[in-house]
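# An overview of the molecular structure
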Amino acid sequence: MWAANLLFPEALTDFLQGLNDVQRQAVLATEGPVMVLAGAGSGKTRVITYRIAHLIRNVGVLPQNILALTFTNKAAGEMRQRIDSILEYGSASSLWIGTFHSVFARLLRSYIHLIGYDRNFSIFDADDSKSLIKQCMKELNLSPETLPVNLVHSAISKAKNSFVLPPEFHRKAIDDQSQKISLVYERYVHKLRENNALDFDDLLIKPIELFTEQPRVLEQLQDYFKYLLIDEYQDTNRVQYLVAKMIAEKHRNIFVVGDDAQSIYSWRGADISNILNFNDDYGDAQVFKLVDNYRSTKTILDAANSVISRNTHQIKKELVANAGMGEPITLIEAFNEKREAEKVAEHIKSIRLSKGAQYRSFAVFYRTNAQSRVIEDMMRQNRIPYKIFGSVSFYKRKEIKDAVAYMRLVLNDRDSESLLRVINFPPRKIGDVSINKLKEFAEERNISLYEAVKRAGEGGFQARLVNALTQFTDLIEAMRKQAEEGTAYDVLSMLYETTGLLSLLKEENTPEALARHENLQELLSMTRDFADHNPNSATLGDFLSTISLASDYDETQESDNYVSLMTVHAAKGLEFPVVFVTGMEEKLFPLNSYEPGELEEERRLFYVAITRAREKLFLSWAQSRYMYGQPQMCMRSTFINEINPNIIVTEGGRKLSESPKKVAATAMAGRPVFGSSLRPQPGGSPAAKVPTVKPAGSARPTGAAKSEYRPGTRVQHAIFGPGTVLEVQGSGAKQKVKINFRTAGEKTLMVQYANLKIV
DNA sequence: CGTTGATCAATTTTT
DNA sequence: TTGATCAACG
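Worth saying up front: this structure is predicted, and the values here are computed from it rather than measured.

## Describing unusual backbone geometry
- Here the amide bond leading from Phe589 into Pro590 is cis, since omega sits at 10°, within 30 degrees of zero.
- Looking at the element boundaries, Pro590 is found in the loop between strand 15 (576–581) and helix 29 (596–610).
- Phi at Asn141 takes a positive value of approximately 60°, unusual for a residue other than glycine.
- Mapping Asn141 onto the fold places it in the loop between helix 7 (126–139) and helix 8 (149–161).
- The exposure class of Asn141 is exposed, given its relative accessible area of 72%.

So this is what it looks like as structure tokens:
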């Protein structure tokens, strides 16, 4: 403590007093490589923000010489705000804080001409990329049936994230499929350039190319960004690692914060070894471990610790509680997903009444977005204000994408993706046939599609078509002029007026059209806000780069009072007093995991979910759940068994450890296996009955819940012999079971006729 | 050229 | 369950 005073006599020791010893050491170790392993809720953001504040205030570093990279825009925004509140307002404005993607997009605007792109490049989102990939495949005569576009897209993205460029990919492609993908990859990269476009991954790859080809730019940036900080380091991929390394190479002031236990993005190329091997690159690195948790009760942390301890590929660390035991974890068991959601709603209402909790204190998590619908319905039925994060992003809505495509085209007329999207929307009598002719025309002359549209007069097309095309280009050119002089707001208002996007929806007069209309209005007011917040840089280009990297997850929870609904992934970095983790079922959470590595990631995800809770944690599961429109039997997640049953209670308040043990199907030989592990024991206390009020009519028992077959049940068939039940569909007379027979393979049989014997 | 109907396919997680 | 894609028709 006094050391800080000695070094910085007039320093803001008051703000450093708000830190524990390890946190303070991490803040004060400003020079050289530093890694902070920060457990959940251990004050990670605090350390980063205080460190930045300390660099500016006490060390005298200019804000613009600090580069802080985050994983989400939201984290960036919050960080900037917190630094502002530690120092004085506005101190953080010239800091470089943002996601890898947004920071490098910004840098590329200034430098990308050096590697042959125009500064007005478009940024392609995943949908744009897929559509371009589809086009490439078509040209290569590869049908999406044998080679799914999604697969190609993820393969290419994965390659890019690992900095494997087409030549190397080609060399490594041994099997038939990867050779095909290699061809697509090559063509796709070529086409992106033709479109003067970068996809998400390019935003990280192009800087590396730039630095390699133009070492002087790299030197310049190395000198400029004297201090580099990276948040959520466990979720960085290889390209991010490389680019960070390049920038930090000169001053070596690289500071990374992360938690290997919270690495949940390996499917997106995140490489956990970045954090595990930090010391290999920076042997002299100082390492700090933050394990003091300031968020959750001891009960919650006990659960989290015991779950994560099952992972082998993990740096051992246990979170230490600063709070008391708190309440036990409640396990909710429901007979289907509807009832599950209903119970969640009931608990929210009851806690709100008994504890006076605000709606904003609650969060409901789920593994997949598809689960949100039922929960949403139940919230609405129970008149609980809620907000869904994610789901269908605002920016992915058709009307928004249309408007954005226009804007992109205005700025970058080589963006043929956008051109194709809007050339005949709203309808202008320019059909597929004409477009194909135009494409040929462009190819022949080796000009961009837009150029071809402009020069259609030379192509000997029908006068009516040429006329329609000219009207279209006039529109675009007029907006281009507006874009040069005015703001994004000016361009968009003009766009709405001249293209008829708005009036088209007005005429339709359906509720959906109305919603779309509102969305477009919302987009317009966003441009207005944007101009207010960025008076000096509110051009169309500025606006477009911002929104192409924005997502719904960025919306900060303002003062509005609602229950938050989101996927577990979206919950990373957040905290709530009361958390419900729903869908705790095998094959859902953990989701189908075929490899042990994937199971470990699911477990980390569960760990993230648990550690979001401050005071009270609910885990819930349903015995049956609709999937693909079909009811499926479910088994309780094994993750539940990884928590000490002494700290879990059922809804009735009975300890899980005192409930009948869940017995594996094999151990129940000779007896039918029944679903519930929480069935009240004979002679058990009557208080164990679920106290919640059941709405009349929902008490209908389904056959499904009573089935004697569940996945895992061993059966004997007169012809096919012995087998194991894989899944159960339907109920009653129509009930079918899918069985894997030892000799006959997989069969789906009607229970009614199959004459199965349970063994 | 645009609309309709039918068929089929898919459900992880996101910058 | 929803959404997307494609063929045939107006």
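## Quick notes on the confidence of the model for chain A
- On average, residues of chain A score 83 in pLDDT, and 83% of them reach the 70 mark or higher.
- Mean pLDDT per element in chain A: helix 31 (residues 703–706) is the minimum at 32, and strand 6 (residues 227–230) is the maximum at 97.
- Within the model, pLDDT remains below 50 along residues 1–6, and this stretch shows 5 contacts once partners closer than five positions in the same chain are excluded.
- Contacts of residues 662–706 to residues separated by more than four positions or lying in other chains number 62 contacts, the stretch itself having pLDDT below 50.

## Description of the environment of Met35
- Along the chain, Met35 falls in strand 1 (residues 34–38).
- By relative accessible area, Met35 is classed as buried at 4%.
- Separated by 277 residues in sequence, Met35 and Thr312 place their C-alpha atoms 21 Å apart.

## Quick word on the side chain of Thr30
- On the secondary structure map, Thr30 appears in the loop between helix 3 (21–28) and strand 1.
- Filtering out sequence-adjacent residues up to four positions away, Thr30 remains in contact with Arg51, His54, Leu55, Val59, Tyr227 and Asn253.

## Digging into the pattern of salt bridges
- Counted under the stated rule, the structure contains 46 salt bridges.
- Across the pair Lys44 and Asp231 runs a salt bridge, and its minimum N-O distance is 3.3 Å. Of this pair, Lys44 sits in helix 4 (residues 44–59) while Asp231 sits in the loop between strand 6 and helix 13 (238–248), and the two are 187 residues apart along the sequence. Neither residue differs from the other here; Lys44 and Asp231 are each classed as buried.

## Considering a negative patch on the surface
- On the surface, a cluster of negative charge is contributed by Glu194, Glu440, Glu443 and Glu444.
- For the negative patch, the element with the highest residue contribution is helix 21 (residues 432–445), accounting for 3 residues.
- With respect to the secondary-structure elements, Glu443 resides in helix 21.
- For Glu443, a relative accessible area of 67% translates into the label exposed.

## Quick notes on the packing of helix 19 (residues 398–411) against helix 23 (residues 463–485)
- Here helix 19 crosses helix 23 at 75°, and the two axes come no closer than 9 Å. On the basis of their axis angle, the class for helix 19 and helix 23 is roughly perpendicular. Counting all contacts with helix 19, which are made through Tyr406, Leu409 and Val410, the residues of helix 23 involved are Phe472, Ile476, Met479, Arg480 and Ala483.

## Focus: the protein's contact with DNA strand C
- Neighbouring DNA strand C are the residues Lys134, Arg373 and Gly629.
- Lys134 places a polar side-chain atom, nitrogen or oxygen, 3.0 Å from a phosphate oxygen of DNA strand C.

## Here we look at helix 4
- With 16 residues, helix 4 extends 21 Å from end C-alpha to end C-alpha; this agrees with the ideal 22 Å at 1.5 Å per step.
- With respect to burial, helix 4 is a largely interior element, 12 of its 16 residues being buried.
- Residues Lys44, Val47, Ile48, Thr49, Tyr50, Arg51, Ile52, Ala53, His54, Leu55, Ile56 and Asn58 constitute the buried set of helix 4.
- A positive phi of about 85° marks Gly60, the residue just after helix 4.

Calculation criteria
- Residues numbered from 1 in each chain as written.
- Chains lettered and ligands numbered in written order.
- Predicted model: local features only at pLDDT ≥ 70, side-chain atom pairs only at ≥ 80, totals over all residues.
- Heavy atoms only, no water.
- Helix = DSSP H or I, 4+ residues; strand = E, 2+ residues; numbered from the N terminus.
- Buried < 20%, exposed > 50% of the residue type's maximum accessible area, 1.4 Å probe, protein only.
- pLDDT = per-residue confidence, 0-100.
- Contact = heavy atoms within 4.5 Å.
- Salt bridge = Lys/Arg side-chain N within 4 Å of Asp/Glu carboxyl O.
- Patch = residues over 30% accessible without salt bridge, like charges linked within 9 Å, V, L, I, M, F, W, Y side chains within 5 Å.
- Areas by Shrake-Rupley, 256 points an atom, 1.4 Å probe, with all protein chains shown as cover.
- Lys, Arg positive; Asp, Glu negative; His and termini not counted.
- Charge placed at Lys NZ, Arg CZ, Asp CG, Glu CD.
- Axes fitted to C-alpha atoms, helices over the stretch in contact; angles between N-to-C directions.
- Parallel < 35°, antiparallel > 145°, perpendicular 65-115°, else oblique.
- Near = heavy atom within 4 Å.
- Polar contact = N/O pair within 3.5 Å; in protein donor to acceptor, adjacent residues only side chain to side chain.
- Expected span 1.5 Å × (residues − 1).

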